[in-house]
Number of protein chains: 2
Amino acid sequence: MTKGLATRESTLNPSALAELLAAVGKENVLTTVEDRVCYSYDATSTRQRALPDVVVKATSTEEVSAVVKVADKYNIPVYPCGARSGLSGGAIPVYGGIVLDTTRMNRIIEINAQDLIAVVEPGVITRRFQDEVAKYGLFYPPDPGSAEFSTLGGNVAECSGGMAGLKYGVTRDYVLSLEVVLPDGSIINTGRRSLRTVAGYDITRLFVGSEGTLGVFTKLTLHLIPQPEKVEAVLAYFHDPEEAVDAADGIIVGKGIIPRTLEFVDGICIDSVRGYGSVDIPEKARAFLLVEVDGDKDVVERGILGVESACREGGAFQIVIARTFEEREALWAVRRVVSPALFKVAGRKLNEDICVPRSKIKEVVRELYSLGKKYSIHTACFGHIGDGSVHVNFLYGYDEKEEAFVDKMLWHIFRKVVSVGGTITGEHGIGTAKAEYLPLEIPPRELQLMKSLKKLIDPKGIINPGKIFLP
Amino acid sequence: MTKGLATRESTLNPSALAELLAAVGKENVLTTVEDRVCYSYDATSTRQRALPDVVVKATSTEEVSAVVKVADKYNIPVYPCGARSGLSGGAIPVYGGIVLDTTRMNRIIEINAQDLIAVVEPGVITRRFQDEVAKYGLFYPPDPGSAEFSTLGGNVAECSGGMAGLKYGVTRDYVLSLEVVLPDGSIINTGRRSLRTVAGYDITRLFVGSEGTLGVFTKLTLHLIPQPEKVEAVLAYFHDPEEAVDAADGIIVGKGIIPRTLEFVDGICIDSVRGYGSVDIPEKARAFLLVEVDGDKDVVERGILGVESACREGGAFQIVIARTFEEREALWAVRRVVSPALFKVAGRKLNEDICVPRSKIKEVVRELYSLGKKYSIHTACFGHIGDGSVHVNFLYGYDEKEEAFVDKMLWHIFRKVVSVGGTITGEHGIGTAKAEYLPLEIPPRELQLMKSLKKLIDPKGIINPGKIFLP
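Residues numbered from 1 in each chain as written. Chains lettered and ligands numbered in written order. Predicted model: local features only at pLDDT ≥ 70, side-chain atom pairs only at ≥ 80, totals over all residues. Heavy atoms only, no water.

Visitor: Just to check I follow, could you spell out the overall build of chain A for this structure?
Guide: Tallying secondary structure elements over chain A gives 15 helices and 18 strands in all. The C-alpha atoms of chain A give 23 Å as radius of gyration, which agrees with the globular expectation for 471 residues (23 Å, within 12%). For chain A, the C-alpha atoms occupy an extent of roughly 70 × 60 × 45 Å along the three principal directions. For chain A, the residues scored as buried account for 64% of the 471 residues in total. Pairs at least 24 apart in sequence give 72% of the contacts found in chain A among residues at least 6 apart. In the structure as shown, chain A presents an accessible area of about 16,500 Å², 52% of it carried by carbon and sulfur atoms. Across chain A, the 55 positively charged side chains and the 61 negatively charged ones have centroids separated by 2 Å. (Helix = DSSP H or I, 4+ residues; strand = E, 2+ residues; numbered from the N terminus. Rg over C-alpha atoms; globule rule 2.2 N^0.38 Å. Buried < 20%, exposed > 50% of the residue type's maximum accessible area, 1.4 Å probe, protein only. Contact = heavy atoms within 4.5 Å. Areas by Shrake-Rupley, 256 points an atom, 1.4 Å probe, with all protein chains shown as cover. Lys, Arg positive; Asp, Glu negative; His and termini not counted. Charge placed at Lys NZ, Arg CZ, Asp CG, Glu CD.)

Visitor: Can you walk me through the side chain of Thr 432 of chain B in this structure?
Guide: All names here are of chain B. For Thr 432, the position within the fold is in the loop between helix H13 (400-419) and helix H14 (438-441). A relative accessible area of 14% places Thr 432 in the buried class. Once you skip the residues sitting within four places of it in the chain, Thr 432 turns out to touch Gln 48, Ser 88, Gly 89, Val 94, Gly 466 and Lys 467.

Visitor: Which parts of the structure should I look at to understand the interface of chain B and chain A?
Guide: A common way to express how large an interface is: the accessible area buried when the components associate. Contacts between chain B and chain A engage 81 residues on the former and 81 residues on the latter. Taking both partners together, chain B and chain A bury about 6,700 Å²; carbon and sulfur atoms supply 59% of that area. The largest share of the area that chain B buries against chain A comes from Arg 196, Val 198 and Tyr 201 of chain B, three residues that together contribute 14% of it. Along the contact surface separating chain B from chain A lie 14 salt bridges. (Buried area = accessible area lost by both parts, 1.4 Å probe. Salt bridge = Lys/Arg side-chain N within 4 Å of Asp/Glu carboxyl O.)

Visitor: Would you mind showing me how to read the sheet that holds strand S1 (residues 29-30) of chain B here?
Guide: Within a sheet, adjacent strands bond to each other through the backbone by hydrogen bonds, running parallel or antiparallel. Residue and element names in this part refer to chain B. As summarised here, the arrangement of the four strands in space is S1-S2-S4-S3, forming an open sheet in which the pairing is mixed. Single-partner strands in this sheet number two, and they are S1 and strand S3 (78-81). By the bridge criterion, four bridges tie strand S2 (residues 54-57) to strand S4 (residues 98-101) in an arrangement that is parallel. Each bridged residue has a counterpart across the sheet, and for Val 55 the counterpart in S4 is Val 99. Of the strands in this sheet, S2, S3 and S4 touch helix H3 (residues 61-74), which is tilted by about 170° from S4. (Pairing = 2+ DSSP bridges. Axes fitted to C-alpha atoms, helices over the stretch in contact; angles between N-to-C directions.)

Visitor: In this structure, what is going on with helix H1 (residues 14-24) of chain A? I would like to understand it.
Guide: In an α-helix, one full turn covers 3.6 residues, which means residues spaced three or four apart are oriented alike. Residue and element names in this part refer to chain A. Residues Ala 16, Leu 20 and Val 24 constitute the buried set of H1. Angular distribution of buried residues about the axis of H1 spans 50°; they occupy a single face of the element. Of the exposed residues in H1, the ones pointing more than 90 degrees away from its buried face are Pro 14 and Ala 22. Those residues of H1 hidden inside the fold are in contact with strand S1 (29-30), strand S2 (54-57), helix H3 (61-74) and strand S4 (98-101). The N-capping residue of H1, defined by a side-chain oxygen 2.7 Å from the backbone nitrogen of Ser 15, is Asn 13. A positive backbone phi angle near 85° is found at Gly 25, which sits one or two residues after H1. (Arc of directions from axis to C-beta. Polar contact = N/O pair within 3.5 Å; in protein donor to acceptor, adjacent residues only side chain to side chain.)

Visitor: Explain the packing of helix H8 (residues 241-254) of chain B against helix H12 (residues 361-375) of chain B to me, please; I cannot follow it from the model alone.
Guide: Between two packed helices, the angle of one axis relative to the other and the distance separating the axes together describe the packing. Residues and elements named next belong to chain B. Taken N-terminus to C-terminus, the directions of H8 and H12 make an angle of 165°; their axes are 10 Å apart at the nearest point. Between H8 and H12, the angle falls in the class roughly antiparallel. For the crossing formed where H8 meets H12, the hand is right-handed. Of the residues in H12, those in contact with Pro 241, Glu 242, Val 245 and Asp 246 of H8 are Ile 361, Lys 362, Arg 366 and Tyr 369. Tallied by class, the residues present in the contact of H8 with H12 amount to four nonpolar, no polar and four charged. (Parallel < 35°, antiparallel > 145°, perpendicular 65-115°, else oblique. Left-handed = near helix turned anticlockwise from the far one by under 90°. Nonpolar A, V, L, I, M, F, W, Y, C, P; charged D, E, K, R; others polar.)

Visitor: Please clarify how the relation of the copies chain B and chain A should be interpreted in this entry.
Guide: Superposition of the two copies of the chain requires a rotation about an axis together with a shift along that axis. Rotating chain B by 180° and translating it 0.0 Å along the rotation axis places it on chain A, where the RMSD comes to 0.0 Å. Taken together, the rotation and translation describe the operation of a two-fold axis. A shared binding surface is used by both copies, with 100% of the interface residues of chain B retained as interface residues in chain A. (Least-squares fit on C-alpha atoms with pLDDT ≥ 70 in both.)

Visitor: Explain the side chain of Glu 121 of chain A here, please?
Guide: Summarising the element assignment, Glu 121 of chain A is placed in the loop between strand S6 (117-120) and helix H4 (126-134). Residues in contact with Glu 121 of chain A, not counting those within four places in the same chain, are Met 105, Asn 106, Arg 107, Ile 109, Thr 218 and Leu 220 of chain A.

Visitor: What is the right way to look at the pairing of strand S8 (residues 175-181) of chain B in this model?
Guide: Successive residues of a regular strand alternate their side chains across the two faces of the sheet. Residue and element names in this part refer to chain B. With seven of its seven residues buried, S8 lies for the most part within the structure. Sheet topology note: the S8/strand S10 (residues 216-223) ladder contains six bridges and is antiparallel. Within the sheet, the bridge partner assigned to Leu 178 lies in S10 and is Leu 220. In the sheet, S8 pairs with strand S9 (residues 187-191) via five bridges, with the strands oriented antiparallel. Bridging across to S9, Ser 177 finds its partner in Gly 191. Hairpin remark: S8 followed by S9, antiparallel, with five residues in the connecting loop; positive phi at Gly 185, about 90°.

Visitor: Whenever I open this one, the domain arrangement of chain A confuses me. Can you help?
Guide: Residue and element names in this part refer to chain A. Partitioning chain A into structural domains gives domain 1 (108-226), domain 2 (230-322) and domain 3 (345-428). In this structure, domain 1 and domain 2 have C-alpha centres spaced 30 Å apart. With six residues of domain 1 at the interface, the matching set in domain 2 holds seven residues. Of the roughly 620 Å² buried between domain 1 and domain 2 on both sides combined, carbon and sulfur atoms contribute 60%. Broken down residue by residue, the surface that domain 1 buries against domain 2 is led by Met 163, Leu 166 and Lys 167, which jointly contribute 74%. At the junction of domain 1 and domain 2, the tally comes to one salt bridge. (Domains from an automatic or database assignment.)

Visitor: Sorry if this is basic, but what is going on with the packing of aromatic side chains here?
Guide: How two aromatic rings sit relative to each other is set out by the distance from centre to centre and by the angle between their planes. In this structure the tally under the stated criterion is 20 aromatic pairs over all chains. Arranged with centres 5.8 Å apart and planes meeting at 70°, the rings of Phe 469 of chain A and Tyr 201 of chain B form a pair that is edge-to-face. Of this pair, Phe 469 of chain A sits in the segment after helix H15 (444-457) while Tyr 201 of chain B sits in the loop between S9 and helix H7 (203-207), placing the two residues on different chains. Residue classification places Tyr 201 of chain B among the buried residues on the basis of a relative accessible area of 3%. Summarising the aromatic geometry, the rings of Phe 207 of chain B and Phe 217 of chain B are spaced 6.5 Å apart at their centres and angled 80° between planes, so their arrangement reads as edge-to-face. Separated by 10 residues along the polypeptide, Phe 207 of chain B in helix H7 and Phe 217 of chain B in strand S10 bring together distant segments of the chain. (Phe/Tyr/Trp six-rings, centres within 6.5 Å; stacked < 30°, edge-to-face > 60°.)

Visitor: It is not clear to me how H3 of chain B should be interpreted in this structure. Could you clarify?
Guide: Residue and element names in this part refer to chain B. Relative to the 20 Å expected for 14 residues at 1.5 Å per residue, H3 spans 20 Å between its end C-alpha atoms, a close match to the ideal helical length. The set of residues buried in H3 consists of Thr 61, Glu 63, Val 64, Ser 65, Val 67, Val 68, Val 70, Ala 71 and Asp 72. Downstream of H3 by a residue or two, Asn 75 has a phi angle that is positive, lying close to 60°. (Expected span 1.5 Å × (residues − 1).)

Visitor: What exactly am I supposed to notice about the environment of Pro 183 of chain B here?
Guide: Residue and element names in this part refer to chain B. Along the chain, Pro 183 falls in the loop between S8 and S9. Exposure remark for Pro 183: the relative accessible area of 4% places this residue in the buried category. Spatially, the C-alpha atom of Pro 183 lies 22 Å from that of Ser 10, the residues being 173 residues apart in sequence.

Visitor: Would you mind showing me how to read the pattern of salt bridges here?
Guide: A side chain of one charge can pair with a side chain of the opposite charge when the charged atoms of the two come close. All names here are of chain A. Enumeration according to the criterion identifies 76 salt bridges over all chains in this entry. For Arg 323, the salt bridge identified is with Glu 232, shortest N-O distance 2.4 Å. Pair noted here: Arg 323 is in the loop between strand S15 (318-322) and helix H11 (325-341) and Glu 232 is in strand S12 (residues 230-238), with a separation of 91 residues, a long-range link. We classify Arg 323 as partly exposed; its relative accessible area is 40%. Residue Glu 232 is classed as buried on the basis of its relative accessible area, which comes to 5%. A cluster of three or more residues bridged by salt bridges with shared partners is formed by Lys 167, Arg 260, Glu 292, Asp 294 and Arg 328.

Visitor: Just checking my understanding: could you explain the confidence of the model for chain A for this structure?
Guide: Low pLDDT means the predicted atomic positions in that stretch should not be read closely. Averaged over every residue, the pLDDT of chain A is 95; residues scoring 70 or more account for 99%. Listed scores for the predicted complex are pTM 0.96 and ipTM 0.96. (pLDDT = per-residue confidence, 0-100.)

Visitor: Whenever I open this one, the sheet that holds strand S5 (residues 108-112) of chain A confuses me. Can you help?
Guide: Residue and element names in this part refer to chain A. Read across the sheet, five strands follow the order S5-S6-S10-S8-S9 without closing on themselves; strand pairing throughout is antiparallel. The open sheet terminates on both sides in strands that have one partner only, identified here as S5 and strand S9 (187-191). Shown here is a sheet whose adjacent strand axes are inclined to one another by a mean of 10°, direction ignored.

Visitor: Is there a simple way to think about the environment of Asn 13 of chain B in this case?
Guide: Looking at where Asn 13 of chain B falls in the secondary structure, it is placed in the segment before helix H1 (14-24). Using a relative accessible area of 32% as the deciding quantity, one classes Asn 13 of chain B as partly exposed.

Here it is in structure tokens:
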């Protein structure tokens, strides 16, 4: 898979290179091994690497189009990328060729409070955008864990979800219009500036979540909503993960509250983060829920009371309520450190973003723990339990036997998830990391339809090839 | 276009007819002219008609598949339909052939409060579904004006919007998974039962809003949300339509309130409904806003105060507040009668569902009124102004000169709408009614992409042919 990393010489056709240099200027074309190595990986935990032949930094739609036209002319793979913070290998140039870096296209072109929209370039960092729109009293809800460094273009490519998905939906729900450079270099515009349109097929949403395999986004028109007045949080500790899952039901079904966030963290995660930050986690906690409620002052007050009471009814033995931004941040600091802290348990971690109907969460989590026992592999769960998104983690060492066990467990869990109507990927995408598992979830006829869509839009297979579908 | 209506004999191939009879039983195959005439039209105001050769009523996925296979084998057009309440000609069998009536597939298979989902057949009436889920404390927000008789399958085909679009989104946002019979008769399942999935391309949303041109829906998995605790309404009268538009901005931008509904009705509409129902409309009212706020008791209280104050600041001279269901219904009775009441003004009415960025509403409405004056054609506006959806109405008689004027005005308004970033159809679809205008909005390359998607999925062009694209 690593296709001659190290110091592999670029095999780029010299005429193609000359045309790329002409297209974007030599300061935007990187050809040294050092530069190319920097673009050989993304944040995917498999640590897969592949060296591109050249890296091109585009600064405009026209440049992107020119680069893609060169790729089309010479039949060279082109791998669009943003911050390369994706977790499924979406940005890895598996067949070499051109990496097309769009991070310099980072202008926020317009924020329009009256129309509740913003127009941005794909390289804008998610958090920067959220902060900018907040200055206008506006809110952009999609909030992937990587928001501090991910780009909006990458978010659209992967249809990123995040913490606020249950209440506010995911990236798909906030994209009104896309400017896209198609694989032949032509530039199209999907959707409209208006909040609604049903004119023709929904091309916009065909591109959202297409993992960069159908074209390169060069401009995004996004929908915004008013910033809620207030946010408060509850952290509730439980003796047992299943109590916490039940309490989540109590909040949503029992009390009819849709919280802004509803995060679940299990015991092994808690053990890993104990001691980090300023929060004293009780010894006997084997799970916690971190729940945020937002809206008007009064809604929040009532919502927090409702969440607290649902948690107590569900068996919570200790509850912390955070009223201020600083208090909330202290709780989030604990939640955010969960994923990296799990490396304390073992040298390697596989984090899978399954999503199931909420009524099936207990069944799936139970299965995961029992597999862990059977194979003596540490397993841990956390995630956006409100919408059924559970990140299941396999923690293991650099050991072939353990690796084989994890592989078995993974197939087992994915089959289970699919059997209960869930998905093997709720938010990270298929990329290279899950291509071999995709047929578990997508039957042959549906898979064929997806492949034929790819073939239709990218007949030469030059845009982000080697992703989603097995060769 | 009417293709030999009246008593045109069926020209259906006898072998095909025999196979249809075998597929669904003779009680489900209608061949008399009387029966076929009943399926020759839908609710579109152009009153276009076309007689099918046969009407087939399916009661299961297998039957739908069998019927489509016959159509495929004999190359016969097949026109799926629900309640035929669409407003763009989506259900009209323009090339004859088979009408495939799915209204008998009207089972609500499952309502699952824990998972916040329902599984239904396509023939379920929208309002019946809303009422059923309400019994579980749940809410299905898409609420087209035709909800009393439209089917959910039809809603998905057209991606219906309706009153609650600004706050709650449209049909697209509530479809998790579809069972679809493809044009070759094969059955596929898109999406998952879980609230999230990003596995592969978003096939689900390619089908939502495809106007029945890519396949026949046989099962829908829909997302539900908790029923809000309370709804209250404000009716605010203004001396001038532009004051009302500004007040809408005051509510959304000024107060940061996203109301459940935000309906605008102009003076000519008001004059048409005066005297209907129990609401005394003040003489000098030239516009009103009907605004609903929903949520917790306290949110609603504060929201109503905010709406009231934004309306007063915007120039409202009289305000009615409806606290109870009955009081609200009295206000809605007025709003609902607007569209039919406009026939008092003239014998014919063309109602176009444009949608524009909210900052452009005044400009477009002004243009409409000035065109009306120029051509001496009555024009009227009402609609879901919160998301920029304005129904523009042309009221005219059975007169060739007026018809020609309306045609001119329509082209003018559509061009205007497109020039400000809006759409010629925010919720009714293109169908036959707007196919000639679609190229105004969708450029050639994008249109070609859409046509190639149709060709890919329906290579023989047998599913709902003659829609969206000009031949």
